[in-house]
Each structure stands twice: as structure tokens, then as C-alpha cells.
Amino acid sequence: MAAQKYVCEVCGYVYDPETNGPESGAESGTAFADLPADWVCPQCGAGKDQFSPV
């Protein structure tokens, strides 16, 4: 089963735990739920509350 992806509702950035790189601010394999509460979208700076499951 593939890891759950999340999309930023502001800019469309897709957080994919399986393929994210250093630009995401998280190590590859880090589930969205395991990101720190203050993590923000690397493209537009939106908070986690602006992301929805894909």
C-alpha cells in the first residue's frame, strides 16, 4: 500500500512521504501526521491545516 499523499490547498504542492526530498523540510519516509506542528509548505508557507489527503 502506498503512503498517503497530501496536497496544499493554497498552491497545489503535493507532500509525498515516499519521494519527498530535502526541499520538503522532512526526511524521506516521514508520514504527514509525523511532521512537526509548525511545519509549513515549502512552496508557499501554508500551515499543515491547509493540506488535504489526496
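Residues numbered from 1 in each chain as written. Predicted model: local features only at pLDDT ≥ 70, side-chain atom pairs only at ≥ 80, totals over all residues. Heavy atoms only, no water.

1. Regarding the overall build of the protein chain
Each helix and strand in the protein chain was counted, giving zero helices and three strands. When its helices and strands are written in sequence order, the protein chain yields β-β-β. For the protein chain, the spread of C-alpha atoms along the three principal axes comes to 25 × 20 × 15 Å. In the protein chain, buried positions account for 33% of the 54 residues. Across the protein chain, contacts joining residues at least 24 apart in sequence account for 41% of those joining residues at least 6 apart. Carbon and sulfur atoms make up 51% of the accessible area of the protein chain, which amounts to about 3400 Å² in all. (Helix = DSSP H or I, 4+ residues; strand = E, 2+ residues; numbered from the N terminus. Buried < 20%, exposed > 50% of the residue type's maximum accessible area, 1.4 Å probe, protein only. Contact = heavy atoms within 4.5 Å. Areas by Shrake-Rupley, 256 points an atom, 1.4 Å probe, with all protein chains shown as cover.)

2. Details of the pattern of salt bridges
Under the defined criterion, the tally for this structure stands at one salt bridge. One salt bridge in this structure joins lysine 5 and aspartate 16, with 3.6 Å as the shortest N-O distance. Placement of the pair is lysine 5 in the segment before β1 (6-8) and aspartate 16 in the loop between β2 (14-15) and β3 (51-53), with a sequence separation of 11 residues. Residue lysine 5 is classed as partly exposed on the basis of its relative accessible area, which comes to 35%. (Salt bridge = Lys/Arg side-chain N within 4 Å of Asp/Glu carboxyl O.)

3. A word on the sheet that holds β3
As summarised here, the arrangement of the three strands in space is β2-β1-β3, forming an open sheet in which the pairing is antiparallel. The sheet terminates laterally at β2 and β3, the two strands that pair on one side only. (Pairing = 2+ DSSP bridges.)

4. Quick word on the packing of aromatic side chains
Considering all chains together, one arrives at six aromatic pairs under this definition. With a centroid separation of 5.5 Å and an interplanar angle of 75°, the aromatic rings of tyrosine 15 and tryptophan 39 are classed as edge-to-face. With a gap of 24 residues between them, tyrosine 15 in strand β2 and tryptophan 39 in the loop between β2 and β3 connect regions that are remote in the sequence. Looking at tyrosine 15, the relative accessible area reads 0%, which means it is buried. Their ring planes at 40° and their centres at 5.4 Å tell us that phenylalanine 32 and phenylalanine 51 sit as a pair that is tilted. One end of the pair, phenylalanine 32, is in the loop between β2 and β3; the other, phenylalanine 51, is in strand β3, and 19 residues separate them in sequence. (Phe/Tyr/Trp six-rings, centres within 6.5 Å; stacked < 30°, edge-to-face > 60°.)

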